[in-house]
Amino acid sequence: MTTSEPLVANLEVGGRAPPLVQQVKDLFVLNPHAELTVSPSLSVCRWSAPLLQRLERSMSSVTIPPPACMLRPLETPMRYLFGPGPSNVPPRILAAGSRPIIGHMHPEMYEVMNDIKRGIQYAFQTENNVTIAMSGSGHAAMECAVFNTVEPGESVLIGVNGIWGERVAEIAERMGANVHRMVKTPGGYFTNKEIEKAMEKHKPVLFFLTHGESSAGLCHPVDGIGDICRKHNCLFLVDTVASLGAAPIFMDKQNIDILYTGSQKALNAPPGTAPISFNERACHKMFNRKTKPISYLFDMTYLSNYWGCDGKPARTYHHTGPVSGFFALRESLAILAERGLEESWKKHKEVAAYLYRGLEDLGLQLFIPERDLRLPSVTTIAIPNGYDWREMLVYIMKHHQMEMTGGLGPSIGMVMRIGLMGYNCEKSNADMALNALADALKNCKRSKA
Ligand SMILES: Cc1ncc(COP(=O)(O)O)c(C=O)c1O
């Protein structure tokens, strides 16, 4: 039956009634726009959606009707996710995430979690025992790191050269830390000398830096900073949400005390899980606090037990982890392990270099002038003179089903961003992105300005 045909319900009048409510419901689902007409014989009725709703309501204890949108099937478009994340998820990871779920505390689930832990240790290049995945996006890891290692009133130093430093500063302020910002305009970076000077002044217990500043497209050097932090008895916290798997990072060798990432960028898993690792220095600080962390959900005392990192014989219930998300994360880490980190870094660098050439051939200017400081996963271009970046992005989405984005936070109006990460990191995708940009440059209005 098509939805344009009148729906007919044969109702026995006075006889044994058919299951009327069910029949009405079925009709309503089939055609919510049908109109009611009653045949002279009263044996044939055509029902309208509003009438069905009224009928249902009068027979039901609920006063809010089921929303019409929930009676339609889920529809999602196919998009090329060439923005700063999430990126497209390969079929193998999608398949892992759609496996039948098991209990979050079944032994098989603990095995999956143990595998994830080992996968993260490889991806982070660390032997840290306290290595887990947060049930939540990158922000969950960000908050977990700050909430557990900082107590109210303690001094924290934050490198702000884009949105992420500012975000962590706000998180630290909300939990009562004494926050000191080192600020650069988007794309700027901090020298080790500047960092040490600020550390001497503010005596922080924690220094935060974003490795892959996705809002500006900058890959910040981290060499030597861990040593400075040790010298000043300060923990070194690094955000690699946008850079892990795309640019080299060595947690242990670079003396990074706390490192986190997200699942949805170069790891190509769906959003919603976030790997994080704490070394012994970080554990010493967070497990010898005077006060409890302000978040129960993110309390590492419980989370390290849930992940089997605290040496206790039993894992006890803390929260219900995202089972399907963990399956997908495990698969994404398995793909990274099979491929190898060095191969993954090389590929991102090569494809990024190919993209840079193509962008320059189109007459576009890369936002980060120093090639070695560019983030290989997210490339930023200066907004071409006279163009409206919003119009270009809308055009690209409409005509190429492709996501690229503008800036974020302080880089809004300064850049457009193209992300080619993990599964999406292919020269053929760079060609598609370049083709879409060339088309937008040709067809979007150029102002006289
Ligand atoms: C560098 C960086 N840090 C943190 C985040 C926040 O991650 P999420 O959106 O998964 O919470 C992002 C997200 O784009 C990011 O690029």
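Residues numbered from 1 in each chain as written. Predicted model: local features only at pLDDT ≥ 70, side-chain atom pairs only at ≥ 80, totals over all residues.

### Here we look at the overall build of the protein chain
Along the backbone of the protein chain there are 14 helices and 17 strands. Of all 449 residues assigned to the protein chain, the portion counted as buried reaches 44%. (Helix = DSSP H or I, 4+ residues; strand = E, 2+ residues; numbered from the N terminus. Buried ≥ 20, exposed ≤ 12 C-beta atoms within 10 Å, placed from the backbone.)

### A few points about the environment of Met142
As for its position among the elements, Met142 is in helix α5 (residues 138–149). A count of 26 C-beta atoms within 10 Å places Met142 in the buried class. When the C-alpha positions of Met142 and Gly262 are compared, they lie 9.9 Å apart, and in sequence the two are 120 residues distant. Setting aside its immediate chain neighbours within four residues, Met142 contacts Arg167, Val168, Ile171, Asp239 and Tyr260. (Contact = placed C-beta atoms within 7 Å.)

### So, the site of the ligand
Near the ligand you find 14 residues, and of these Ser137, Gly138, His139, Ser214 and Val241 are the closest. Residues belonging to the shell around the ligand are distributed by class as follows: 5 nonpolar, 8 polar and 1 charged. (Near = placed C-beta within 6 Å. Nonpolar A, V, L, I, M, F, W, Y, C, P; charged D, E, K, R; others polar.)

### What about the nonpolar core?
Counting 113 residues, the largest nonpolar core has Ala141, Cys144, Ala145, Val168, Ala172, Phe207 and Leu237 as the members making the most contacts within it. When neighbours within four sequence positions are excluded, Leu237 is seen to be in contact with Ala145, Leu206, Phe207, Phe208, Asp257 and Ile258. (Core = buried A, V, L, I, M, F, W, Y, C linked by C-beta atoms within 7 Å.)

### Topic: the packing of helix α12 (residues 341–361) against helix α14 (residues 427–443)
Their axes nearest at 9 Å, the elements α12 and α14 cross at an angle of 25°. Compared by their axis directions, α12 and α14 come out roughly parallel. Crossing handedness for the pair α12 and α14: right-handed. Every residue of α14 that contacts α12 at Val351, Tyr354, Leu355 and Gly358 is listed here: Lys427, Ala430 and Leu434. (Axes fitted to C-alpha atoms, helices over the stretch in contact; angles between N-to-C directions. Parallel < 35°, antiparallel > 145°, perpendicular 65-115°, else oblique. Left-handed = near helix turned anticlockwise from the far one by under 90°.)

### A short note on the confidence of the model for the protein chain
For residues with low pLDDT, the predicted coordinates do not support detailed interpretation. Confidence in the prediction of the protein chain, expressed as mean pLDDT, is 91, and 86% of residues score 70 or more. For the protein chain, strand β1 (residues 9–10) is the element with the lowest average pLDDT, namely 39, and strand β12 (residues 258–260) is the one with the highest, namely 99. Here residues 1–18 is modelled with pLDDT under 50, and outside its nearest four sequence neighbours on either side it reaches 28 contacts, counting other chains as well. Counting contacts from residues 30–45, a segment whose pLDDT is below 50, to residues more than four positions away or on other chains yields 34 contacts. (pLDDT = per-residue confidence, 0-100.)

### A short note on helix α13 (residues 389–400)
Helix length check: α13 (12 residues) gives 16 Å between terminal C-alpha atoms against 16 Å at 1.5 Å per residue, within 8%. For α13, every residue scored as buried is listed here: Trp389, Met392, Leu393, Tyr395 and Ile396. One side of α13 carries all its buried residues, which in axial view fall inside an arc of 160°. At its buried positions, α13 is contacted by β15 (402–403), β16 (405–406), β17 (415–419) and α14. (Expected span 1.5 Å × (residues − 1). Arc of directions from axis to C-beta.)

### Structural notes on the environment of Tyr354
Relative to the helices and strands, Tyr354 is located in helix α12. Residue Tyr354 is classed as partly exposed on the basis of its C-beta count, with 16 C-beta atoms lying within 10 Å. For the pair Tyr354 and Lys427, spaced 73 residues apart in sequence, the C-alpha to C-alpha distance is 7.0 Å.

### A short note on helix α11 (residues 323–339)
Given 3.6 residues to a turn, an α-helix orients residues that are three or four positions apart in the same direction. Taking 1.5 Å per residue, 17 residues should reach 24 Å; α11 reaches 25 Å between its end C-alpha atoms and fits that length. Taken as a whole, α11 has its buried residues at Gly325, Phe326, Phe327, Ala328, Leu329, Arg330, Glu331, Ser332, Leu333, Ile335 and Leu336. The secondary structure elements touched by the buried residues of α11 are α3 (91–97), α4 (107–124), β5 (130–135), β13 (273–278) and α12. Immediately beyond the C-terminal end of α11, within one or two residues, lies Gly340, with a positive phi of roughly 95°.

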